[in-house]
Amino acid sequence: IDTRKTITRDFSFGSAMGSVTVGGNPLIIDSWTTSPSINGDFTTIIATVPASVTTGQLAVERGDNGRTTLTGVTVTVGGTPPVQVGPADSIQAAIDAATPGSLLHVQGTHEELVIMWKPIRLQGWGAGSATIDAVKAPAEKLLNWRNKIQELITADAFDLLPAQEAETEGMEPAILFNEEGPGIIVLAKKVSPFDGGFGIGSDGRPNARIDGFTITGADHAGGIMVNGYAHYLEISNNRIINNNGVYGGGIRLGHPVFTEETPQGLVYQNSYNDHIKIHNNQIIQNSGLNGAGGGVSLCTGSDFYEVKENFICGNFTLGEGGGIGHTGLSNNGLIARNTIIFNESFNQGMTVSGGGVFIGGGSPLGGPGSLTEGS
């Protein structure tokens, strides 16, 4: 019988030399050493990047047990030097000053509600070294967020969806009412996905990304909220933990309940968040009150999404899909190679489904006997 009260966890790189890859391509190992030492295991790796290696996912495989890192960091190879954002600097100020396509290297803990309104690469130093704390304290933190949103609306810096109100006045402004103050909100201009937007434009700029952060403490709109038109955004290598949202607590794409009138009748609002990749994240202990998806919420218009190789654990929703919820019409999505464990959907007042994963259309909008648009 094992009577130990504690189990020592080993977070080192292992006691035998393994391998390091970027985008699946091996690096040349210069040294794999024990300085400093943790339990006698190797803890420091120095490697050379061959000329043939391009930007990609950093992964370390241990030589003693063959296990590979799930959450690493995206390594950018080549391009212009990054903008360094230190612990005492403002992420928001760096975004406001950046040109589209810029790479921002963020280190330290930042008590900010970040508004990503440009197609930039927001790169943390790693989930253990870069944190966005979205707790709304002091009270001025939310007020500053609202003022910044109003400033961007006035400057025509991003586009709302047709069903969204633009009212910014009053004690509780209508604009982005259920989207106030996530850890990061992504706002974009309405352009054709073939013209760039948050994707690769005619100038060849790279995809926008949010990579290498711990995001925690959001109480209303979740860890990361992607409003609309954010084509080709990449969300990777983040630890998204202990966030709450009205619709989705961890990562949310689009809107589960917005409707609009079309020549074909009433339909759910298409958010045009196409080709978004969500991979290698730890999405842990988040909660949603409505909609679908306590951990990851994929709403109408998330066509060609990819949710791959994430660790999705301990999330909860009063709606559908404790771990992942796909609600509404989003074509050609892919959910693959994730670990989805210990998630829950429960609502004492109604029947809900999908403790791990829920995929379904929105409620029928044409009255009794009508059909949904499908999923």
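Before reading on, note that the structure itself is shown above.
Chemist: Requested: an account of the overall build of the chain, with residues and values cited.
Modeler: When helices and strands are counted, the chain shows two helices and 34 strands. At 21 Å, the chain has a C-alpha radius of gyration in line with the 21 Å of a compact globule built from 375 residues. Taking the principal axes of its C-alpha atoms as reference, the chain extends roughly 65 × 55 × 40 Å. Per-residue burial for the chain yields a buried fraction of 49% across its 375 residues. Put simply, 69% of the contacts in the chain that link residues at least 6 apart link residues at least 24 apart. Carbon and sulfur atoms make up 54% of the accessible area of the chain, which amounts to about 17,000 Å² in all.

Chemist: Any details on the sheet that holds strand β31 (residues 334-336)? Residues and values, ideally.
Modeler: Consider a sheet: its strands pair through backbone hydrogen bonds, and that pairing is either parallel or antiparallel. Pairing is parallel across the open sheet formed by eight strands, whose spatial order is β7-β8-β11-β14-β17-β23-β27-β31. The open sheet is flanked by β7 (83-85) and β31, the only strands paired with a single partner. Sheet twist, expressed as the average angle between the axes of neighbouring strands with direction ignored, equals 10 degrees. Looking at chain direction, strand β8 (residues 103-106) and strand β11 (residues 121-124) are connected through four bridges and run parallel. Residue pairing across strands places Leu103 opposite Arg121, the latter belonging to β11.

Chemist: Report on the nonpolar core, specifying residues and quantitative values.
Modeler: Within the largest apolar cluster, 53 residues are counted, with the highest numbers of intra-cluster contacts made by Met116, Leu122, Ile184, Ile224, Val226 and Ile278. For Ile184, the residues in contact, after removing those within four places along its chain, are Val114, Met116, Leu122, Ile132, Ile210, Ile215, Gly223, Ile224 and Met225. Counting six residues, the second-largest nonpolar core is a separate cluster that includes Val20, Trp32, Val53 and Val60.

Chemist: Give a description of the pairing of strand β30 (residues 324-327) that names residues and reports values.
Modeler: Both faces of the sheet carry side chains from a regular strand, because those side chains alternate between them. By the alternation rule, side chains of β30 split into Ile324 and His326 and Gly325 and Thr327, which are all buried. Of the strand pairs in this sheet, strand β26 (residues 296-298) and β30 are connected by three bridges, and their pairing is parallel. Its bridge partner lying in β30, Ser297 is registered against Gly325. Looking at chain direction, β30 and strand β34 (residues 357-360) are connected through four bridges and run parallel. Paired with His326 across the two strands is Ile359, which belongs to β34.

Chemist: How would you sum up helix α2 (residues 140-154)? Please name residues and give values.
Modeler: Between its first and last C-alpha atoms α2 spans 21 Å; for 15 residues at 1.5 Å apiece the expected length is 21 Å, and the two agree. Each element contacted by the buried residues of α2 is listed here: α1 (91-97), β10 (114-116), β12 (130-133) and β13 (184-187). Asp156 sits one or two positions beyond α2 and adopts a positive phi of about 55 degrees.

Chemist: Please give an account of the side chain of Asn280 that cites residues and values.
Modeler: Position of Asn280 relative to the elements: it lies in the loop between β23 (277-279) and β24 (282-284). At a separation of 2.7 Å, a polar atom in the side chain of Asn280 contacts the side chain of His279. Residue contacts for Asn280: discarding those within four places in its chain leaves Gln57, Leu70, Thr71, Asn237, Asn238, Lys308, Glu309 and Asn310.

Chemist: Account for the side chain of Arg62, with residues named and values stated.
Modeler: Relative to the elements of secondary structure, Arg62 occurs in the loop between β5 (56-61) and β6 (73-75). Residue class for Arg62 comes out buried when judged on its relative accessible area of 14%. A polar atom in the side chain of Arg62 sits 2.8 Å from the side chain of Asp64.

Rules and cut-offs
Counting of residues starts from 1 at the beginning of each chain's written sequence and follows it residue by residue. Local features in this predicted model are restricted to residues whose pLDDT is 70 or higher, and side-chain atom pairs enter the listing and the counts only when it is 80 or higher, whereas totals over whole chains, interfaces and linings include all residues. Note that water and hydrogens are dropped before the side-chain values are worked out from all heavy atoms of the structure. By definition, any uninterrupted DSSP run of H or I lasting at least four residues is a helix, any uninterrupted run of E lasting at least two residues is a strand, and each is numbered from the N terminus. For the radius of gyration, the atoms used are the C-alpha atoms, and the globule rule reads 2.2 Å times the number of residues raised to 0.38. Burial classes: relative accessible area under 20% of the type maximum marks a residue as buried, over 50% as exposed, and values in between as partly exposed (1.4 Å probe, protein chains only). For this analysis, residues touch if any pair of their heavy atoms sits within 4.5 Å. Per-residue and other accessible areas follow the Shrake-Rupley method at a 1.4 Å probe size, with only the shown protein chains counted as cover for residues. Strands are treated as partners if at least two bridges between them are detected by DSSP. Whenever a helix is involved, its axis is fitted only over the stretch in contact; in every case the axis is a line through C-alpha atoms, and angles between N-to-C directions fall within 0 to 180 degrees. To qualify as a nonpolar core, a set must consist of buried Ala, Val, Leu, Ile, Met, Phe, Trp, Tyr and Cys residues joined through side-chain atoms within 4.5 Å. For a helix, the expected span equals 1.5 Å multiplied by the residue count minus one. In the analysis that follows, any N or O atom pair within 3.5 Å is treated as a polar contact, provided that within protein one partner can donate a hydrogen and the other can accept it, and provided that, for residues neighboring in sequence, both atoms belong to side chains.

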